[in-house]
Amino acid sequence: QQVAAIAVVAHYDSGKPMAAAQVLVYAPENPQEPWLTGVTDEQGQFLFTPDGDRPGNWEIAVRQGGHGAMVTVPWNATMVNHTGHDHMITPNTSAPNQAQATPDVTLSSPLAAAPPPLSPLQRGITLGAIIWGFIGTAFFFSKRNGEGRA
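The model shown is predicted, which means the values in this text are computed figures rather than measured ones.

### Some remarks on the overall build of the chain
Phase 1: Each helix and strand in the chain was counted, giving 1 helix and 7 strands.
Phase 2: Listing the helices and strands of the chain from first to last along the sequence gives β-β-β-β-β-β-β-α.
Phase 3: Buried residues in the chain amount to 26% of all 150 residues.
Phase 4: For the chain, the exposed surface amounts to about 10100 Å²; the carbon and sulfur share of it is 57%.

### Structural notes on the sheet that holds strand β5 (residues 56–64)
Phase 1: Pairing is antiparallel in the open sheet, where 4 strands are placed in the order β3-β2-β5-β6. Here the strands that pair on one side only, and so sit at the sheet edges, are β3 (36–39) and β6 (67–75). Looking at each pair of strands side by side, their axes are set apart by 20° on average, direction ignored.
Phase 2: Both strand β2 (residues 22–26) and β3 contribute to a ladder of 4 bridges, which runs antiparallel. Within the sheet, the bridge partner assigned to Q22 lies in β3 and is V39.

### Examining the packing of aromatic side chains
Phase 1: The full count for this structure, using the stated rule, is 5 aromatic pairs.
Phase 2: Between W35 and W58, the aromatic rings sit 4.8 Å apart at their centres with planes inclined by 75°, giving edge-to-face as the arrangement. Of this pair, W35 sits in the loop between β2 and β3 while W58 sits in strand β5, and the two are 23 residues apart along the sequence.
Phase 3: Judged by its relative accessible area of 15%, W35 falls in the buried class.
Phase 4: Ring geometry for F48 versus W58: centroids 6.4 Å apart, planes at 50°, classification tilted. Within this pair, whereas F48 is found in strand β4 (residues 45–48), its partner W58 is found in strand β5, the two being separated by 10 residues in sequence. The same class applies to F48 and to W58, which are both buried.

### Thoughts on a nonpolar patch on the surface
Phase 1: On the surface, a cluster of nonpolar side chains totalling about 400 Å² of accessible area is made up of L127, I131, I135 and F139.
Phase 2: Inspection of the secondary structure puts L127 in helix α1 (residues 120–147).

### Observations regarding the pairing of β6
Phase 1: Here β5 runs beside β6; their pairing, made up of 9 bridges, is antiparallel. In the strand pairing of β6, N57 is matched with P74.
Phase 2: What sits between the antiparallel neighbours β5 and β6 is a turn of 2 residues, in which G65 has the positive phi angle 55°.

### Details of the pattern of salt bridges
Phase 1: This model, assessed by the stated rule, comprises 1 salt bridge.
Phase 2: With a shortest N-O distance of 3.2 Å, R54 and E29 are connected by a salt bridge. Taken together, the residues span a long stretch of sequence, with R54 in the loop between β4 and β5 and E29 in the loop between β2 and β3 at a distance of 25 residues.

### What to know about the nonpolar core
The tendency in soluble globular proteins is for nonpolar side chains to be buried as a group.
Phase 1: Counting 20 residues, the largest nonpolar core has V25, F48 and I60 as its most contacted members.
Phase 2: Sorting the residues of this core by element identifies β1 (6–12), β2, β4, β5 and β6 as the ones contributing at least two each.
Phase 3: Of the residues forming this core, the biggest block, 4 residues, is contributed by β1.

Parameters at a glance
Residues numbered from 1 in each chain as written. Predicted model: local features only at pLDDT ≥ 70, side-chain atom pairs only at ≥ 80, totals over all residues. Heavy atoms only, no water. Helix = DSSP H or I, 4+ residues; strand = E, 2+ residues; numbered from the N terminus. Buried < 20%, exposed > 50% of the residue type's maximum accessible area, 1.4 Å probe, protein only. Areas by Shrake-Rupley, 256 points an atom, 1.4 Å probe, with all protein chains shown as cover. Pairing = 2+ DSSP bridges. Axes fitted to C-alpha atoms, helices over the stretch in contact; angles between N-to-C directions. Phe/Tyr/Trp six-rings, centres within 6.5 Å; stacked < 30°, edge-to-face > 60°. Patch = residues over 30% accessible without salt bridge, like charges linked within 9 Å, V, L, I, M, F, W, Y side chains within 5 Å. Salt bridge = Lys/Arg side-chain N within 4 Å of Asp/Glu carboxyl O. Core = buried A, V, L, I, M, F, W, Y, C linked by side-chain atoms within 4.5 Å.

What follows is the structure, given as structure tokens:
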């Protein structure tokens, strides 16, 4: 049986999979209530088949431990032959005639990324701004302390 599906691969920016992360899928006509909930597998993968009669933008949110992301996937599957949607579908990759799923949607956690290192110019400007701030603050308070004395 051929089934068109949406595959989600969730990982941190480091490349580590988001294993057992919470997945919330929102249908196009009701973006406030989850249509499907589940968890990713050990490789951070989650596969589902939207209802064929619900074309539009499906929103998928993946969260784990304060990290997460949301992606919108346009869906217009006229060839869906699958009934039911409340379970995770595991593809059989050894089947030679199996239909290709839609391209994987990769979700990365923006919170997991470390900031890039500063260039020497940026470090110099930052250090100069800090020193300038200290000097300005010292002058501000030293002038105030001297005003009240005779």
